[in-house]
Amino acid sequence: MFLSDYLEIGSYFEDNGIFDPIIETDSKFFINIQRLKKAETPEFQESYESINTFFRKIIKLLNRATQNNINDICYRQALNLFHFPENKDINGIGLGFSEGNNGSAFGPKLSERVINTAYDIVKAGVDDPEFFQLLPLFQDDIGPDRLSDMIATIILPDIQRYTRRVFEGLGINSENYPDEVFCDGYMMNPEKKCAVLLVPIEILHKLPVAKSWEDIDHVVSENNTIRALMNQKVAEEWIKWASSYRKNYLREEMFKKPDVWKQMLEDYCKVELKKYNPEEQIDYYLERIWKRIQELDISWESSAKKEAINSTKAAWEILGIFKEWIENHKGWYVIQEASSKNREKIVQRVIHLSGLSYIRTNDLDMNCEPDEGRGPVDFKVSRGQDITIIEVKLSTNSEYRNGYENQIEEYGKAENTNNMIYVLIDLGNSGRVKTIEKLYAENLKKGKKTPEIMIMDAKERLSASITK
């Protein structure tokens, strides 16, 4: 469940550029330093400099150190400063790959390896604090989660100030939400048992710093300096090397040369990242739904021979698979828990996925052009000139009646077909279901060509223990 639905605040987060976290699990997005550098949100306008200031302190200590071990007081102080253990405070942001309550910490051994490498780089003459942004390129065991959590820990005061401002503006407090637990002014996540923290969408990205540090080959190919300095022999051997050996090569041959480092940073800073797209979070949620459907081991083979399947039969079978999932395999629950503002899009996309699996198995064609306005029809199933169109509406959609009486008729004329199926997903609006059924019956009685209807029952069910 999205936090906005849990709090029943409508589209406030989306309308105000606030990331809407999922309560139960993390979303695969990250605080991105390059996005942070351009932040316009007041609480985060100084965050980028705060990060650099933090790492300048470490660089200053390493410059003063005379040996890279804890016997040197400056080295030891630098190591103590680079301290990022498990921080439960930042778990409430809901970012990263983790499915549980734990973030990605830097243990003592990993922290020492980082500072040891940083010592060598600093002693080679590199004093730009931004080199810490590229940690995953030259240090093993550091991926997007750890980097994002490290950044979040450094700018935690900014995140907390931002969360307080949003909560105060919305009136999210113990007085207005007496059933929720609050601690120091922050609402506790009922699933993760940690404080809910918010961040603006503008500082997030689907990938961590630059491109994807998980794919070092991609990073190397994108950076002009690294690519130019790799001689032909190394380039030929590169694909044969293990990831750890590749990072060692970059660390020893490039990252310890100040002139190379400076040019490489310039290349890195030129990378322009697109803003976070909220649609990508829908795609992440959709992945979870699709996994549940696949677990049912559904057969996509039609009951008829491939050459005998017309578009209408195919459309009914595709919808039948989805109806079965909704009504008999707790699909209703998945739809009910989805964000209200995204439900219709999610339903359309799940039907599309089901349809694609069926279509590929049975040699038909299917176009999906979901649109919430008066754009193209939701689905078109076809075999040559044999076309059936499908329009899907949730019973909560105020346009449900217009969709049946006008929209699908217009789409049918545009596609030159009388094969039309109108699907109504019943979320508990029984009056609207009866209205559609009545219109359908009246049209049949008049002998009027009317779209066929399919009602899918996605109403919330009470558990067996409650019904008893």
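From a predicted model like this one, the values you see are computed outputs, not experimental measurements.

A.B. asks: Before we go on, may I ask you to explain the overall build of the protein chain in this structure?
C.D. replies: Within the protein chain one finds 21 helices and 9 strands. Counting the 468 residues in the protein chain, one finds 51% classified as buried. In the protein chain, the share of contacts with a sequence separation of at least 24, taken over all contacts with a separation of at least 6, comes to 72%. Looking at the protein chain as shown, the accessible area adds up to about 22600 Å², and 46% of this sits on carbon and sulfur atoms.

A.B. asks: I'm lost on the sheet that holds strand E5 (residues 365–368) in this one. Help?
C.D. replies: Remark on secondary structure: sheet strands pair via backbone hydrogen bonds, oriented parallel or antiparallel. In space, the 5 strands of this open sheet follow the order E5-E6-E7-E8-E9, with mixed pairing throughout. This sheet does not close on itself; its edge strands, each paired only once, are E5 and strand E9 (452–457). Neighbour-to-neighbour, the strand axes of the sheet open up by a mean angle of 20°, direction not taken into account. Here E5 pairs with strand E6 (residues 379–383) via 4 bridges, running antiparallel. The residue of E6 that forms the bridge with Met 366 is Val 381. Helix-sheet contacts for helix H16 (residues 311–328) involve E5, E6, strand E7 (386–394), strand E8 (420–426) and E9, and the interaxial angle to E9 is about 15°.

A.B. asks: Would you mind showing me how to read the environment of Arg 76 here?
C.D. replies: Relative to the helices and strands, Arg 76 resides in helix H5 (residues 73–81). Separated by 36 residues in sequence, Arg 76 and Glu 112 place their C-alpha atoms 9.6 Å apart. Residue contacts for Arg 76: discarding those within four places in its chain leaves Ile 70 and Asn 71. Reaching out from Arg 76, the side chain makes a polar contact with the backbone oxygen of Ile 70 at a distance of 2.5 Å.

A.B. asks: When you look at the packing of aromatic side chains in this model, what are you seeing that I'm missing?
C.D. replies: Remark: the centre distance and the inter-plane angle together describe each pair of aromatic rings, the angle taken between the planes. Enumeration over the complete set of coordinates arrives at 11 aromatic pairs. Summarising the aromatic geometry, the rings of Phe 322 and Trp 325 are spaced 5.6 Å apart at their centres and angled 40° between planes, so their arrangement reads as tilted. Highlighted residues: Phe 322 and Trp 325, both in helix H16, separated by 3 residues, approximately one helical turn. Like Phe 322, the residue Trp 325 is buried in the burial classification. Feature note: the residues Phe 54, Phe 55, Phe 82, Phe 84, Phe 106 and Phe 132 constitute an aromatic cluster, connected by ring pairs.

A.B. asks: Sorry if this is basic, but what is going on with the packing of H16 against helix H18 (residues 343–362) here?
C.D. replies: Where H16 meets H18, the closest approach of the two axes is 10 Å, and the angle between their N-to-C directions is 125°. It follows from the interaxial angle that H16 and H18 lie oblique. The chirality of how H16 crosses H18 is right-handed. Contact residues: H16 offers Ala 314, Glu 317, Ile 318, Leu 319, Ile 321, Phe 322 and Trp 325, while H18 offers Val 347, Val 350, Ile 351, Gly 355, Tyr 358 and Ile 359. When its residues are assigned to classes, the contact of H16 with H18 shows 11 nonpolar, 1 polar and 1 charged.

A.B. asks: Would you mind going over the environment of Gln 45 with me for this structure?
C.D. replies: As for its placement among the helices and strands, Gln 45 is situated in the loop between helix H3 (33–37) and helix H4 (47–64). Considering only alpha carbons, one finds Gln 45 and Asp 158, 113 residues apart in sequence, at a separation of 9.3 Å. Not counting the four nearest positions on each side in its chain, Gln 45 is found in contact with Ala 39 and Glu 40. Polar side-chain contacts of Gln 45 include one of 2.8 Å to the backbone oxygen of Glu 40.

A.B. asks: Any chance you could explain H16 here in plain terms?
C.D. replies: An α-helix turns once every 3.6 residues. As a result, residues three or four positions apart point the same way. Here H16 contains 18 residues, and its C-alpha end-to-end distance of 26 Å stays within 8% of the 26 Å for a straight helix at 1.5 Å per residue. Among the residues making up H16, those that are buried are Ser 311, Ala 314, Ala 315, Glu 317, Ile 318, Leu 319, Ile 321, Phe 322, Trp 325 and Ile 326. For H16, the capping residue at the N-terminal end is Asn 310, with a side-chain oxygen 3.2 Å from the backbone nitrogen of Thr 312. Taken from the residues just after H16, Lys 330 is the one with a positive phi, measuring 60°.

A.B. asks: So what exactly am I meant to see when it comes to the pairing of E6 here?
C.D. replies: The two faces of a sheet get side chains in turn, since along a regular strand they alternate between them. Of all the 5 residues making up E6, 4 are buried; the element is thus mostly covered by neighbouring parts of the structure. Alignment of E6 against E7, held across 5 bridges, turns out to be antiparallel. Paired with Arg 383 across the bridge in E7 is Asp 386. Between E6 and E7, which pair antiparallel one after the other, the connecting turn spans 2 residues, and Gly 384 there sits at a positive phi close to 65°.

A.B. asks: What should I look at first to understand the side chain of Thr 450 in this one?
C.D. replies: Counting through the fold element by element, Thr 450 comes out in the loop between helix H20 (430–445) and E9. What makes Thr 450 buried here is its relative accessible area of 4%. A polar contact of 3.1 Å, which involves the side chain of Thr 450, links it to the side chain of Asn 443. If near-sequence neighbours (up to four positions away) are discounted, Thr 450 is found in contact with Tyr 404, Tyr 440, Asn 443 and Leu 444.

A.B. asks: Looking at this model, I keep getting lost on the packing of H4 against H5. Mind explaining?
C.D. replies: A pair of packed helices is captured by two measures, namely the crossing angle of their axes and the spacing between those axes. Following both chains from N to C, one finds H4 and H5 inclined at 160°, their axes separated by 7 Å at the closest point. Taken together, the axes of H4 and H5 are roughly antiparallel relative to one another. Between H4 and H5 lies a crossing whose hand is left-handed. Between H4 and H5, the residues in contact are Phe 54, Lys 57, Ile 58, Leu 61, Leu 62 and Arg 64 and Cys 74, Tyr 75, Gln 77, Ala 78 and Leu 81, respectively. Grouping the constituent residues of the contact of H4 with H5 by class yields 8 nonpolar, 1 polar and 2 charged.

A.B. asks: Please explain the pattern of salt bridges as it appears in this structure.
C.D. replies: Proximity of charged atoms lets side chains of opposite charge pair with each other. One pass over the structure, following the stated rule, counts 11 salt bridges. Across the pair Asp 26 and Lys 192 runs a salt bridge, and its minimum N-O distance is 2.4 Å. Taken together, the positions of Asp 26 in the loop between helix H2 (12–15) and strand E1 (30–31) and Lys 192 in the loop between strand E3 (186–187) and strand E4 (204–205) put the pair 166 residues apart, joining distant regions of the chain. Neither residue differs from the other here; Asp 26 and Lys 192 are each classed as buried. A salt bridge links Glu 49 to Arg 56; the nearest nitrogen and oxygen atoms lie 2.7 Å apart.

Scoring rules and cut-offs
Residues numbered from 1 in each chain as written. Predicted model: local features only at pLDDT ≥ 70, side-chain atom pairs only at ≥ 80, totals over all residues. Heavy atoms only, no water. Helix = DSSP H or I, 4+ residues; strand = E, 2+ residues; numbered from the N terminus. Buried < 20%, exposed > 50% of the residue type's maximum accessible area, 1.4 Å probe, protein only. Contact = heavy atoms within 4.5 Å. Areas by Shrake-Rupley, 256 points an atom, 1.4 Å probe, with all protein chains shown as cover. Pairing = 2+ DSSP bridges. Axes fitted to C-alpha atoms, helices over the stretch in contact; angles between N-to-C directions. Polar contact = N/O pair within 3.5 Å; in protein donor to acceptor, adjacent residues only side chain to side chain. Phe/Tyr/Trp six-rings, centres within 6.5 Å; stacked < 30°, edge-to-face > 60°. Parallel < 35°, antiparallel > 145°, perpendicular 65-115°, else oblique. Left-handed = near helix turned anticlockwise from the far one by under 90°. Nonpolar A, V, L, I, M, F, W, Y, C, P; charged D, E, K, R; others polar. Expected span 1.5 Å × (residues − 1). Salt bridge = Lys/Arg side-chain N within 4 Å of Asp/Glu carboxyl O.

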